[in-house]
Amino acid sequence: MSGDLPDYYFRIRENGAAVFRVDTENRQRRIEMEQIAIINVRNGEIKPHGDRALSGADTAACRDWLERRVALLAARDIDDILRAVDAMNLTTQWAQAKATDAQLEEVTDALLLAMHDLRSVLVRKKAERLLQGGAAEA
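Notes on the structure in this doc start here. Everything quoted here is computed from the prediction, not taken from an experiment.

## A word on the nonpolar core
Counting 13 residues, the largest nonpolar core has Tyr8, Phe10, Val19, Ala37, Ile39, Cys62 and Trp65 as its most contacted members. Looking at this core, the element that brings in the most residues is helix H1 (residues 56–97), giving 4 residues. Excluding its chain neighbours within four sequence positions, the residues that come into contact with Trp65 are Phe10, Ile12, Gly16, Ala17, Ile39 and Val41.

Next up, the structure:
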């Protein structure tokens, strides 16, 4: 098993990860993990843990993980939004075909306000993109 282990382990945290160097080359042949850094996904910061100095390989592994993590989180964001579109479509079908008057009374105001808010933001952002696109062509 230990021959298949990566050199680094990234323990996911809310805003990034704690980075550990994995060591199996010791007398007891046990897996040892030494924390070497903390990565912050929001600002891209890689901070050595304690008084450690990161090697070039350590920093490269951290940057590679950070790049892949940012891409994964961005893909998840888009997937979440596309799921929300599906949920909106299912909600529309439910309101049209299955909802009782009491159920509609319970959810209508919240849905209308949320949809109005979303529409306002989307229209404003679309207008900004169109204006920026027109300014780039001028």
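Okay, back to it.
## Topic: the pattern of salt bridges
This model, assessed by the stated rule, comprises 6 salt bridges. Between Arg21 and Asp58 there is a salt bridge; the shortest N-O distance is 2.5 Å. Highlighted residues: Arg21 in strand E2 (residues 16–23) and Asp58 in helix H1, separated in sequence by 37 residues. The salt bridge involving Arg52 is made with Glu34; its shortest N-O contact spans 2.9 Å.

## Focus: H1
Compared with an ideal rise of 1.5 Å per residue, which puts 42 residues at 62 Å, H1 spans 61 Å between its outermost C-alpha atoms and is within 8% of the ideal. Those residues of H1 lying buried are Asp58, Ala61, Cys62, Trp65, Leu66 and Arg69. Of the surrounding elements, those touching the buried residues of H1 are strand E1 (8–13), E2, strand E3 (32–40) and strand E4 (45–48).

Parameters at a glance
Residues numbered from 1 in each chain as written. Predicted model: local features only at pLDDT ≥ 70, side-chain atom pairs only at ≥ 80, totals over all residues. Heavy atoms only, no water. Core = buried A, V, L, I, M, F, W, Y, C linked by side-chain atoms within 4.5 Å. Buried < 20%, exposed > 50% of the residue type's maximum accessible area, 1.4 Å probe, protein only. Helix = DSSP H or I, 4+ residues; strand = E, 2+ residues; numbered from the N terminus. Contact = heavy atoms within 4.5 Å. Salt bridge = Lys/Arg side-chain N within 4 Å of Asp/Glu carboxyl O. Expected span 1.5 Å × (residues − 1).

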